[in-house]
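# Structural features, examined
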Amino acid sequence: MSKRVLVLPGDNIGSEIVAEAVKVLEAINRQRDLAIQLNWGVLGGAALDTYGNPCPQETLDSARDADAILLGAVGGPQWDHYGRELRPESGLLRIRSELELFANLRPAIMYPQLAGASSLKPEVVAGLDILIVRELVGGIYFGEPRGIRTLDNGEREGYNTYKYSESEIRRIGKVAFEAAMVRDKRLCSVDKSNVLEATIVWKDVISEMASDYPEVELSHLYVDNAAMQLVRQPKQFDVLVTGNMFGDILSDTAAMLTGSIGMLPSASLDQYGGGMYEPCHGSAPDIAGQGIANPLATILSVAMMLRYSLGSPDAAVIIEHAVSRVLDRGLRTTDIYTPGTEQVSTIAMGDAVVAELQAAELSMNG
Ligand code: IPM
Ligand code: MG
């Protein structure tokens, strides 16, 4: 049975990195007869320019039809003058919300080859393998009421609402506990329950759930402490689970432990295993068009897609090995470059991964 993948390149470096990820997806598709069909759509600034809407109905319809979505990145200063509702980022939030992609998995894995590229000491990050499970369609990102109002004294005031219901917490908690069960069975829930009611309920619900997973060692940290621990001693963590905003912040921090945010893939899953796959980094307008962006986070997102939504975990492993071998060969985009390695372009990096896939196939067949 064929599988449909909707490709949304997005804005700025989005199209550059997605082009490489698609090359890799097509190569593995041919190699392993996966019967994957690609379909293309627009999201973010690209959609705003074409349809006057950062998340047009056409895109939502094709997204609902697809088994998985591959997304580059959205946004850029070109669209900064639009109001919040029309900004490219709103398009991204809308598709996440419309498709109920509530579970955002952001694995931060330190490739030993990149130990020197991290800003932390190699011994602090060597062997790092953590998974951040971020709630993606609730919390302060979506809470109502929200807005900007004018006070009686004529001042403007911006306001948002931070809330989480028990069922929202339970469904993300389940994903996190289950992820911990197939890893090192340690889960740390991150909240700010010393100040925020929404996270008092968060902590209560996650604590209640622990009795269903007696093998998982559950701990709790306030978000400020979690941020500090992530840079102090990141290897103490296995799985972290947290709400939308804290997860946004902590996952960027975790990304830098691995050398570069250009290495961090992500999966955003619904209840049924469908999902959207995107690098954790943004659209990097400052380097767009220069052919120097790191495509590996997007290529690794393709691996996650094969594992979680397309039922091809073997193909995922093959891609991950190919990335590792390219790093072994010393190829680096600028963000992960260190003296003694070879600096390559976005396209050369994508080609190198495809070449490793082909080499792996030859050695398997030969
Ligand atoms: C991310 C991004 C998005 C977010 C932005 C682009 C809306 O930072 O995926 O982490 O805040 O969720
Ligand atoms: Mg972010």
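For the structure, check the block above.
Owing to the predicted nature of the structure, the values given are computational and were not obtained by experimental measurement.

What counts and how
Residues numbered from 1 in each chain as written. Chains lettered and ligands numbered in written order. Predicted model: local features only at pLDDT ≥ 70, side-chain atom pairs only at ≥ 80, totals over all residues. Heavy atoms only, no water. Helix = DSSP H or I, 4+ residues; strand = E, 2+ residues; numbered from the N terminus. Buried < 20%, exposed > 50% of the residue type's maximum accessible area, 1.4 Å probe, protein only. Disulfide = S-S within 2.5 Å. 1 Å grid on protein atoms, 1.4 Å probe; cavity = no way out; pocket = protein on both sides within 12 Å on 5 of 7 lines; lining within 4 Å. Points joined across faces, edges and corners; volume = space filled by probe spheres on them. Nonpolar A, V, L, I, M, F, W, Y, C, P; charged D, E, K, R; others polar. Domains from an automatic or database assignment.

So, about unusual backbone geometry. With the exception of glycine, the majority of residues adopt a negative phi angle, and the majority of peptide bonds are in the trans configuration. For the bond running from E144 to P145, omega is 0°, close enough to zero to count as cis. With phi around 50°, D33 is a residue other than glycine that occupies positive phi space. Here D33 shows up in the loop between α1 (13-32) and β2 (36-40). Residues other than glycine seldom take positive phi values, yet A35 does so here, at roughly 55°. Counting through the fold element by element, A35 comes out in the loop between α1 and β2. We classify A35 as partly exposed; its relative accessible area is 37%.

Scanning the entire structure with this criterion turns up zero disulfides. The structure places no disulfide on C55, whose sulfur is separated from the nearest cysteine sulfur, that of C280, by 20 Å. Under the relative-accessibility criterion, C55 is labelled buried at 1%. Here C188 is not disulfide-linked; the sulfur of C280 is the nearest cysteine sulfur, at 18 Å. You can call C188 buried: its relative accessible area is 3%.

On to the layout of surface pockets. Each pocket or cavity is described by its volume, and for the largest pocket that value is around 700 Å³. Lining the largest pocket are 28 residues, and of these L105, L131, M304, R307 and Y308 sit closest to its centre. Going through the elements one at a time, β4 (103-109), β5 (129-135), α6 (166-181) and α10 (296-308) are the ones with two or more residues in the lining of the largest pocket. At five residues, the largest contribution of residues to the lining of the largest pocket is made by α6. Residue composition of the lining of the largest pocket, by class: 17 nonpolar, three polar and eight charged. Here the lining of the largest pocket spans two domains, and each of domain 1 (1-104 + 283-366) and domain 2 (129-257) adds at least three residues to it. One number sums up the size of the second largest pocket: a volume of about 420 Å³. Surrounding the second largest pocket, 22 residues form its lining, E89, L92, C280, H281 and G282 being those nearest its centre. When contributions to the lining of the second largest pocket are tallied by element, the ones reaching two or more residues are α4 (88-98) and α9 (244-257). At four residues, α4 tops the list of elements feeding residues into the lining of the second largest pocket. A class-by-class count of the residues in the lining of the second largest pocket yields eight nonpolar, five polar and nine charged.

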